[in-house]
Amino acid sequence: VRESGQGEDPMRELRVKCQGTIMTLLCIVRRCITGGSALRAAAATPSVNEQVALVMPNLANVIHSIHSIWLPEIRAGVSPAWQGMYRSVEYEVTADPEFRLGDDISNSPTAEMCTWLRHCRDSSYQLLGFLCSFKTGFYGSLEANPALLRPLTAHIPAMENRHLRQWLRLVVTPMSLNCPQHLQ
């Protein structure tokens, strides 16, 4: 993270592409799951399950990278100008119902980064939760490569309560509900 909060953000285009890719995958998976019977039948094909297995390692790495930002050693190395990205707006609103982000804060690169991280994290969690519906591809890739769970769970102790709540709701619950009998 840059030292100053001023100037053009060189990572903006990359962040937009990353978020766009995650959202595109999320929309495709959601459409396969909730679409008509033809889409659901197509989603059960081996080729779709192979694609799920290909997406899993990359998604695990994205989630691992996002979680690592909250590790104490990483957090300590972030410049003071960017420490605001760790600020919980939800907490501020709960503590003070009159709380409003000022124009100087809400339009800042720090607030933009905070928003991007939240969207990326939530979209990644949703995508992972939806991928659980493709039981053969999802659980098959976990059985074939149990090391995939490590990047997903390695930084759970560093997660904040608000992130853990989303993790439980969007990932753990669908994983538990869709888990095949032989893995329970």
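Engineer: So what exactly am I meant to see when it comes to the packing of helix α7 (residues 109-131) against helix α10 (residues 161-178) here?
Structural biologist: The interhelical angle for the contact between α7 and α10, taken along N-to-C directions, is 20°, at an axis separation of 7 Å. In this view, α7 runs roughly parallel relative to α10, as classed from their interaxial angle. Between α7 and α10 the crossing geometry is right-handed. Side by side, α7 and α10 meet where Arg121, Asp122, Tyr125, Gln126, Leu128 and Gly129 of the first sit next to His163, Gln166, Trp167, Leu170, Val171 and Pro174 of the second. Class assignment for the residues of the contact of α7 with α10 results in six nonpolar, four polar and two charged.

Engineer: I keep staring at the environment of Pro157 and nothing clicks. Help me out?
Structural biologist: Mapped onto the elements, Pro157 comes out in the loop between α9 (149-153) and α10. We classify Pro157 as exposed; its relative accessible area is 76%. The spacing of Pro157 and Trp70 is 87 residues in sequence and 9.6 Å in space, taken between C-alpha atoms.

Engineer: Where do I start with the nonpolar core in this structure?
Structural biologist: Soluble globular proteins tend to bury their nonpolar side chains together. Ranked by internal contacts, the top residues of the largest apolar core, which has 25 residues, are Met56, Leu128, Leu131, Phe138 and Trp167. Looking at this core, the elements with two or more residues in it are α1 (12-34), α3 (46-68), α7, α8 (135-144) and α10. When residues in this core are grouped by element, the largest group, five residues, is from α3. Sequence-distant contacts of Leu131, that is, excluding residues within four places in its chain, are made with Val29, Val52, Val55, Met56, Leu59 and Phe138. Core analysis: the second largest hydrophobic core is formed by twelve residues, Ile66, Met85, Met113 and Cys120 among them.

Engineer: Would you explain the packing of α3 against α7 in this entry?
Structural biologist: Each pair of packed helices gets described by two things: the angle between the helix axes and the distance between those axes. Between α3 and α7, the shortest axis-to-axis distance is 10 Å and the interhelical angle comes to 150°. Judged by the sense of rotation from one axis to the other, the crossing of α3 with α7 is left-handed. Contacts from Val52, Val55, Met56, Leu59, Val62, Ile63, Ile66 and His67 in α3 reach Cys120, Arg121, Ser124, Tyr125, Leu127, Leu128 and Leu131 in α7. Each residue belonging to the contact of α3 with α7 can be placed in one class, and the counts come to twelve nonpolar, two polar and one charged.

Engineer: Whenever I open this one, the pattern of salt bridges confuses me. Can you help?
Structural biologist: Pairing between side chains of opposite charge can happen when their charged atoms approach one another. Taken as a whole and judged by the stated rule, the model has three salt bridges. Between Lys17 and Glu13 there is a salt bridge; the shortest N-O distance is 3.4 Å. Note that Lys17 and Glu13 are positioned in helix α1 at a spacing of four residues, about one turn of the helix. Taking relative accessible area as the criterion, Lys17 reaches 51% and is therefore assigned exposed. Note on Glu13: relative accessible area 54%, which makes it exposed. Where Glu160 meets Arg162, a salt bridge forms, and the shortest distance between an N and an O atom there is 2.7 Å. The exposure class assigned to Glu160 is buried, which follows from its relative accessible area of 18%. By relative accessible area, Arg162 is classed as buried at 12%. Shared partners join several salt bridges into a network, and the residues in it are Arg75, Glu160 and Arg162.

Procedures and definitions
- Residues numbered from 1 in each chain as written.
- Predicted model: local features only at pLDDT ≥ 70, side-chain atom pairs only at ≥ 80, totals over all residues.
- Heavy atoms only, no water.
- Axes fitted to C-alpha atoms, helices over the stretch in contact; angles between N-to-C directions.
- Helix = DSSP H or I, 4+ residues; strand = E, 2+ residues; numbered from the N terminus.
- Parallel < 35°, antiparallel > 145°, perpendicular 65-115°, else oblique.
- Left-handed = near helix turned anticlockwise from the far one by under 90°.
- Contact = heavy atoms within 4.5 Å.
- Nonpolar A, V, L, I, M, F, W, Y, C, P; charged D, E, K, R; others polar.
- Buried < 20%, exposed > 50% of the residue type's maximum accessible area, 1.4 Å probe, protein only.
- Core = buried A, V, L, I, M, F, W, Y, C linked by side-chain atoms within 4.5 Å.
- Salt bridge = Lys/Arg side-chain N within 4 Å of Asp/Glu carboxyl O.

Keep in mind these values describe shape, not function.
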